[in-house]
Amino acid sequence: MSDIFISYARPNEPLAKQAAEALRAAGYGVWRDDELPAHRAYSDVIEERIKSAKAVLVLWSNDAVRSQWVRAEADAAREAGTLVQLSLDGVLPPMPFNQIQCADLMGWSGDIHAPGWEKVESSIASLVGSVAAPAPGIEAVREVVVCALPFVNMSGDPEQEYFSDGISEDIITDLSKVSALSVIARNTAFSFKGKPVDTGALAHDLGVTHVLEGSVRKAGSRVRISAQLTDCMISVQLWADRYDRDLTDIFAIQDEISKAIVGALKLKLLPKEKKAIEQRGTTNPDAYNLYLMARKQWISGKAGDRRRDEAVVRICRQATKVDPSYAKAWALMALGQSELRFWHGLQEDGMPAAEQALALDPHQPEAICVKARYLQGEGRDEDADRQLALALEIDPESWEVNKEAAMIAFRQGRVAEAVPYWEKAISLVETDCHSGHMLVCCYEALNDRANLERIARVTIARVEKEVAQDPTNGSVMAMGVSALGALGDANRARDWIGRAMLMDPENNSMRYNLACALSIHLNDFETALELLEPYFAQMTMTQLRHIDVDPDFKNLRDLPRYQEMHSAAKARLNVP
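Residues numbered from 1 in each chain as written. Predicted model: local features only at pLDDT ≥ 70, side-chain atom pairs only at ≥ 80, totals over all residues. Heavy atoms only, no water.

Draft legend 1. Local environment of the overall build of the protein chain. A tally of regular secondary structure across the protein chain gives 26 helices and 11 strands. Its C-alpha radius of gyration of 25 Å places the protein chain within 12% of the 25 Å reference for a compact globule of 576 residues. Projecting the C-alpha coordinates of the protein chain onto the three principal axes gives extents of approximately 80 × 65 × 45 Å. Burial status across the protein chain gives 54% buried among its 576 residues. Carbon and sulfur atoms make up 51% of the accessible area of the protein chain, which totals about 25000 Å². Taking the average place of the 64 positive charges on the side chains of the protein chain and the average place of its 83 negative ones, the gap between the two points comes to 3 Å. (Helix = DSSP H or I, 4+ residues; strand = E, 2+ residues; numbered from the N terminus. Rg over C-alpha atoms; globule rule 2.2 N^0.38 Å. Buried < 20%, exposed > 50% of the residue type's maximum accessible area, 1.4 Å probe, protein only. Areas by Shrake-Rupley, 256 points an atom, 1.4 Å probe, with all protein chains shown as cover. Lys, Arg positive; Asp, Glu negative; His and termini not counted. Charge placed at Lys NZ, Arg CZ, Asp CG, Glu CD.)

Structural data, given as structure tokens:
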């Protein structure tokens, strides 16, 4: 992996190239986005490179300040403590980066002896360390970078996929706790799911030195897990084993695999790391299995579908009966209950479950997000934002936390600020179609055509994959309609609208998403209003607030029929 990542706006590319050349001449490994591989998703590669870099050099300019990508990259570096920044044209970094020292390189022409550049190099040296060639006869120590590929479900039942995915995620999490290892993030590892993997390409594109592969076969009360570790550089299998045990041993198997990998790599596992690996949140395999099943439902493409949320609550309730001390299950149940309360208008209350989760684990980020939802529902936006900031600080890699942060920002009318969180969310879970749908809305509102087209294509590909597995999934199909409309494929968009309505005509969240596309992309206002009529008739307060800030409906708000339905909903909800 490279020592330094360079972040810049496209108009500043010549100066970014000069900076990269100066740093390479000083002996540093440098990466910027001219090295993006053609076969990898842009956001995945960027995230990997930022996380692995020892220093992130941000080139601020008026163009960079307006770039959501530069801001997101700078924020990731700030959180990691790797941010080094300079100003190319005298512009000050935006908040909160203006609190960090910024070198002045206004008018810089590549002079490495310029005071501003020397200041940059000094900061980089303090983060990366001195650069020196190894002494003659001494081989440089190779950094160990492991990619744990998703374990293959060998159970013969596609419904068991949640279990093999859960095992894979836990092993990635365990390995990430070992300080001597660099581990490829879950979202990047899962992008290779179901695909043939070229270990040489992994080594070249990601700097991977070792690949972990495996399979899971679950049948009744038994589980068989096979795993092998391969050295990419020399194509030699360093370790392999098979575990044929009772399901009650599932946690012990995961511990053994992680420790065996550390041993095969001849690394030292610190006592605190050994303890961290052995902490599972539950010691009950039945509760663990139920939690994995519930989370599979939660991260499915059916966001906004009441049946999904009811299933999550039902399964988590059973998990907490099996193990009342399972904080993660309490937190997930609280999220499902909150969705039923605020979005679907049911008499559910997620706060008791959230409070129970926090009593068991005060650092449970998903439970903190539930508190943020309730605070926003009370109109306490600043308090909600503080809770979300805490949740993001605890776990910036949580899909749930990034989704909640994005939605709360969106409902406060801060569309641009919601974008990086939805970008993060869509990169974390490969079945997340809803974040793509929301990003289509945001990029359309921001008039960002390049990113709109990029995310529309990603969303359509994901929707097609989900619908191929479940042709009756109208919720997911509706999320692809806006993407088709954004790309100008009106005929296919209308075909999907017809199919979705045949599959699930009573699904009001689906109707809402279809109306978004009809309003903003297809200019069919009458059909959009017809779809929205039952939605307005059953609208909750959260849904009213959401539609009032949704830029997709800017074309409808002045129409008499829309205003009549809107006024009737406000009167029913006692809104002045």
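Draft legend 2. View of helix 22 (residues 490–503). With 14 residues, helix 22 extends 20 Å between its outermost C-alpha atoms, agreeing within 8% with the 20 Å of an ideal straight helix rising 1.5 Å per residue. Turning to helix 22, its buried residues number three or more, namely A493, W496, I497, A500 and M501. End-on, the buried residues of helix 22 take up no more than an arc of 130°, which puts them together on one face. Summarising the geometry of helix 22, the exposed residues directed more than 90 degrees from the buried face are N491 and L502. Where helix 22 is buried, its residues contact helix 20 (449–469), helix 21 (474–486), helix 23 (508–520) and helix 24 (525–537). (Expected span 1.5 Å × (residues − 1). Arc of directions from axis to C-beta. Contact = heavy atoms within 4.5 Å.)

Draft legend 3. Representation of the pattern of salt bridges in the model. Overall, the coordinates contain 33 salt bridges when judged by the stated rule. R224 is the partner of D244 in a salt bridge, and the nearest nitrogen-oxygen pair spans 2.9 Å. Residue D244 is located in strand 11 (residues 236–246), and its partner R224 is located in strand 10 (residues 222–231); the two are separated by 20 residues in the primary sequence. D244 sits in the partly exposed class, given a relative accessible area of 36%. Salt-bridge contacts for R414 lead to E417; the nearest nitrogen and oxygen are separated by 2.4 Å. Judged by relative accessible area, E417 falls into the partly exposed class, the value being 45%. A single salt-bridge network, built from bridges that share partners, covers E161, D165, K193 and K296. (Salt bridge = Lys/Arg side-chain N within 4 Å of Asp/Glu carboxyl O.)

Draft legend 4. Representation of the pairing of strand 4 (residues 83–87) within the structure. Of all five residues making up strand 4, five are buried, and the element is well covered by its neighbours. What you see with strand 4 is no split at all: L83, Q85 and S87 on one side and V84 and L86 on the other are buried throughout. Taken together, the five bridges between strand 3 (residues 55–60) and strand 4 define a ladder with parallel strand orientation. Pairing of W60 across the sheet is with S87, part of strand 4. Sheet analysis places strand 4 next to strand 5 (residues 102–104), joined by three bridges and oriented parallel. Among the inter-strand pairings, Q85 is bridged to a residue of strand 5, identified as C102. (Pairing = 2+ DSSP bridges.)

Draft legend 5. Quick look at the environment of M479. If you trace the backbone, M479 turns up in helix 21. Taking C-alpha positions, M479 is 28 Å from V152, a pair spaced 327 residues apart along the chain.

Draft legend 6. Broad picture of the side chain of S7. Within the element layout of this structure, S7 appears in strand 1 (residues 4–7). S7 gets classed as buried once you look at its relative accessible area, which sits at 1%. There is a polar contact of 2.5 Å between the side chain of S7 and the side chain of E73. If we ignore the near neighbours within four places in the chain, the residues touching S7 are L57, V58, L59, V70 and E73. (Polar contact = N/O pair within 3.5 Å; in protein donor to acceptor, adjacent residues only side chain to side chain.)

Draft legend 7. Geometry of a nonpolar patch on the surface. Together, M233, I234, V236 and L238 make up an exposed nonpolar region whose accessible area comes to about 350 Å². Within the secondary structure layout, I234 lies in the loop between strand 10 and strand 11. For I234, a relative accessible area of 53% translates into the label exposed. (Patch = residues over 30% accessible without salt bridge, like charges linked within 9 Å, V, L, I, M, F, W, Y side chains within 5 Å.)

Draft legend 8. Region of interest: the sheet that holds strand 1. Strand order in the open sheet formed by five strands is 2-1-3-4-5, with parallel pairing between adjacent strands. The open sheet has two edge strands with one neighbour each: strand 2 (30–31) and strand 5. Bridge analysis of strand 1 against strand 2 gives two bridges, and the strand direction is parallel. Residue pairing across strands places F5 opposite W31, the latter belonging to strand 2. Sitting on the sheet, helix 1 (residues 13–25) is in contact with strand 1, strand 2 and strand 3, with an inclination near 165° to strand 1. Against the sheet, helix 5 (residues 115–128) makes contact with strand 1, strand 3, strand 4 and strand 5, and its axis sits at roughly 175° relative to strand 4, the strand it touches most. (Axes fitted to C-alpha atoms, helices over the stretch in contact; angles between N-to-C directions.)

Draft legend 9. Molecular detail of the packing of helix 17 (residues 399–411) against helix 19 (residues 434–445). In the contact formed by helix 17 and helix 19, the axes pass within 12 Å of each other and the chain directions differ by 30°. Considering the angle they form, helix 17 stands roughly parallel to helix 19. At the point where helix 17 passes helix 19, the crossing takes the left-handed sense. Contacts between helix 17 and helix 19 involve K403, M407 and F410 on the former and, on the latter, H434, S435, M438, C441 and C442. Of the residues belonging to the contact of helix 17 with helix 19, the class tally is five nonpolar, two polar and one charged. (Parallel < 35°, antiparallel > 145°, perpendicular 65-115°, else oblique. Left-handed = near helix turned anticlockwise from the far one by under 90°. Nonpolar A, V, L, I, M, F, W, Y, C, P; charged D, E, K, R; others polar.)

Draft legend 10. Just the packing of aromatic side chains, in detail. A full pass over the atoms with the stated rule returns nine aromatic pairs. Taking the centre distance of 4.8 Å and the plane angle of 15° together, the rings of W108 and W117 count as stacked. Just as W108 is buried, W117 falls in that class too. With a centroid separation of 4.9 Å and an interplanar angle of 45°, the aromatic rings of Y512 and Y535 are classed as tilted. Here Y512, found in helix 23, pairs with Y535, found in helix 24; they are 23 residues apart in sequence, far enough to count as distant. Ring pairs connect the aromatic residues Y512, Y535 and F553, which therefore count as one cluster. Seen from the ring of F163, K218 lies directly overhead, with NZ or CZ sitting 5.3 Å from the centre. Its guanidinium or amino end placed over the ring of F342, R341 lies 5.9 Å from that ring's centre, counting from NZ or CZ. (Phe/Tyr/Trp six-rings, centres within 6.5 Å; stacked < 30°, edge-to-face > 60°. Lys NZ or Arg CZ within 6 Å of the ring centre and 35° of its normal.)

Draft legend 11. Seen up close, the packing of helix 21 against helix 22. Contact pair helix 21 / helix 22: the axes reach a minimum separation of 9 Å and the direction vectors enclose 165°. Classified by the interaxial angle, the pair formed by helix 21 and helix 22 is roughly antiparallel. The crossing of helix 21 and helix 22 is left-handed. Taking contact as the criterion, the partners of G474, M477, G480, V481, L484 and G485 in helix 21 are, on helix 22, R492, A493, W496, I497, R499 and A500. For the contact of helix 21 with helix 22, a count of residues per class yields seven nonpolar, three polar and two charged.

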